[in-house]
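For reference, the chains in residue letters:
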Amino acid sequence: MKTYHSSELRSMFLKFFKDHGHAVISSASVIPENDPTVLFTTAGMLVPYLMGAKHPAGKRLTDVQKCVRTGDIDDVGDFSHLTFFEMLGNWSLGDYFKEQMIPWSWEFLTSPEYLGLPKDRLAFSVFAGDADCPRDEESAQLWRIFGVADDHIFFLPKENNWWGPAGITGPCGPDTEMFIITDKEPCGPNCSPACSCGRYLEIWNDVFMQYNKKADGTFEPLEQKNVDTGMGLERLACVMQGVGNLFEVDTVQSVLHHVEHIAGKTYGANAKDDISIRVITDHIRSCTFMVSDGILPSNEGRGYVLRRLLRRAARHGRMLGIDHPFLVDLVETVIQSSESAYPELREHDAYIKKVIGTEEANFARTIDAGMNILNNMIDGLEKAHQHLLKGLDVFKLNDTFGFPL
C-alpha cells in the first residue's frame, strides 16, 4: 500500500470528485454560516441546499472543510482526540443517490489509482431500521455487488448509522460507514464497528439525507434526496502513512516537533510530558484557524472557547518548564503546514500572531496572580489545620484563572 502525504490525499480526493462532475468549493469558515444552534463548523453541512435551495456552484460539490469540535476539550491530550481536524467531503444536492455514491466510494477506497486499500481489510455498517424508518437493505446489497461478504457488513441502530440535525429539526437520514479492520483481536463474538475496542477504524461516512425531522419528532421525505459524505483527513492519513495515532500524521507532527524543540523535551520519553506536548500541538492548530476566521478571545461564546484553548496550551507549556511566551512561535509552523490548502492563514499571519501573542502575555500575568491567590489559600488552610479547598475557591481558580482541578 502506497504512502501519501496529507496534501496528496487532499488533492487526490478533490480530483476524484472533480473528474466525476463535482465543483470544487472553498472551505467554509469555522464559524457556521447557516446554523445558529452550534458554535463551530463541525462538518461540511449545507443545510439550506439540502432543503432545496439552489447552490450557485451546482448540484455536485466537493471540498476540504476545516472543522472545530470542542465538546471534549478536557480529553485532548490522549492519542485520539483533536479539537481541530479537516474533513474531506462531497455532496449531491438532489442529483445522484446511493446507487452512484457507494460504487464511487468503493472505487476511491480500493482502486490502485487512488487509495488502493486491501479489500479484505474493509468493513461496512448500514442502518438496521426502526419504527420510524426502514432497514437499509439497498446499501448492503450495493456493497455485496463488489464481493463484500456478509460478515463484513453490519446492521447497526440509529445511534451508529444515522445522521441527524444539530438542532431539533432538519434534514437527516441513514448512513453507511466504512472501516479499516485493524490488527487488534476481536473483543468477543459480537465484536462490530459499534464496539470501542479499536478493531474497526472508521474512515468514511456516506450520509443519505432523505428525511426532514419535524418539531413533533416525526420524519417526512425530503423533496429531494441528497448525499453528504465525510472523511476525516487526519484519520485517513493515519492509515495511509502507517502511523499509530493522529499526532504522528505529517501535518500534526510538524507542530509537535516544534513543541519538543521549544520545551527541550523528547516526545516519548515521559508520559506526563507527552500529554502536555499533545495538548499544545492540538490547541495551537485550533486557535490559529479560529483567529484566522475572525474569532477573538473573550468571556463568552466562541471567544471563550478560544481563550480557554489558548490558556490551556499556555498552562501546559509551564508544566513543560517553558518560562517565556512561545505559542506565537508555533503559529508559523501551523501556517507552513497548512497554507497550501488554506492560503488565508498566510494572508492573516501578522494578525493571528498579534492576537495570540497578546492573549498569551495577558494570561502569563493571570497565571502569576492566580498562583499567588492559590498559595494564600493553601497557607490559610495549613494555619487552620485543614486540607480541603472550598468549592467556591476551586471554581474561581478554574473559571477565572484557568487552573484545572
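Keep in mind it's a predicted model, so treat the numbers as computed, not measured.

Could you clarify how one ought to interpret the overall build of the chain in this entry?
When you go through the chain residue by residue, the secondary structure sums to twelve helices and nine strands. For the chain, whose C-alpha radius of gyration is 23 Å, the value lies close to the compact-globule estimate of 22 Å for 405 residues. With respect to the principal axes defined by its C-alpha atoms, the chain has extents near 75 × 50 × 50 Å. Within the span of the chain, comprising 405 residues, buried residues form 50% of the whole. In the chain, 70% of the contacts between residues at least 6 apart in sequence involve partners at least 24 apart. For the chain, the accessible area works out to roughly 18,700 Å², and carbon and sulfur atoms hold 52% of it. Side chains of the chain carry 39 positive and 56 negative charges; the gap between the two charge centres is 3 Å.

I'm lost on the packing of aromatic side chains in this one. Help?
One pair of aromatic rings is described through two measures. These are the centre distance and the angle between the planes. By the definition in use, this model includes 23 aromatic pairs. Ring centres 4.9 Å apart and planes at 80° place the aromatic pair Phe16 and Phe17 in the edge-to-face group. A single burial state applies to Phe16 and to Phe17, both of which are buried. The aromatic ring of Phe155 is capped on one face by Arg135, whose charged end is 3.5 Å from the ring centroid.

Would you explain the pattern of salt bridges in this entry?
Side chains carrying opposite charge are able to pair once their charged atoms draw close together. Here the structure, examined in full by the defined rule, presents 23 salt bridges. Of the charged contacts, one joins Asp19 and Lys15 as a salt bridge, the two residues approaching to 2.7 Å between their closest N and O atoms. Taken together, the positions of Asp19 and Lys15, both in helix 1 (residues 6–19) and four residues apart, correspond to about one turn of that helix. For Asp19, a relative accessible area of 47% gives the class partly exposed.

Is there a simple way to explain the packing of helix 3 (residues 98–110) against helix 4 (residues 137–145) in this structure?
Packed helices, taken two at a time, are described by the angle between their axes plus the distance between the axes. Contact pair helix 3 / helix 4: the axes reach a minimum separation of 10 Å and the direction vectors enclose 40°. The pairing of helix 3 with helix 4 is recorded here as oblique in orientation. Handedness of the crossing formed by helix 3 with helix 4: right-handed. Residues Lys98, Glu99, Ile102, Ser105 and Trp106 of helix 3 lie in contact with helix 4, whose contacting residues are Glu138, Ser139, Leu142 and Trp143. In terms of residue class, the contact of helix 3 with helix 4 is built from four nonpolar, two polar and three charged.

Help me understand unusual backbone geometry, please; the structure alone is not making it clear to me.
What is expected of a backbone is that most residues other than glycine have negative phi and most peptide bonds are trans. One non-glycine residue with positive phi stands out, namely His385, at about 55°. Along the polypeptide, His385 turns up in the loop between helix 11 (349–383) and helix 12 (391–401). Among the residues examined, His385 registers a relative accessible area of 68% and is labelled exposed.

What counts, and at which threshold
Residues numbered from 1 in each chain as written. Predicted model: local features only at pLDDT ≥ 70, side-chain atom pairs only at ≥ 80, totals over all residues. Heavy atoms only, no water. Helix = DSSP H or I, 4+ residues; strand = E, 2+ residues; numbered from the N terminus. Rg over C-alpha atoms; globule rule 2.2 N^0.38 Å. Buried < 20%, exposed > 50% of the residue type's maximum accessible area, 1.4 Å probe, protein only. Contact = heavy atoms within 4.5 Å. Areas by Shrake-Rupley, 256 points an atom, 1.4 Å probe, with all protein chains shown as cover. Lys, Arg positive; Asp, Glu negative; His and termini not counted. Charge placed at Lys NZ, Arg CZ, Asp CG, Glu CD. Phe/Tyr/Trp six-rings, centres within 6.5 Å; stacked < 30°, edge-to-face > 60°. Lys NZ or Arg CZ within 6 Å of the ring centre and 35° of its normal. Salt bridge = Lys/Arg side-chain N within 4 Å of Asp/Glu carboxyl O. Axes fitted to C-alpha atoms, helices over the stretch in contact; angles between N-to-C directions. Parallel < 35°, antiparallel > 145°, perpendicular 65-115°, else oblique. Left-handed = near helix turned anticlockwise from the far one by under 90°. Nonpolar A, V, L, I, M, F, W, Y, C, P; charged D, E, K, R; others polar.

Limitation: the analysis is restricted to geometry and does not speak to function.
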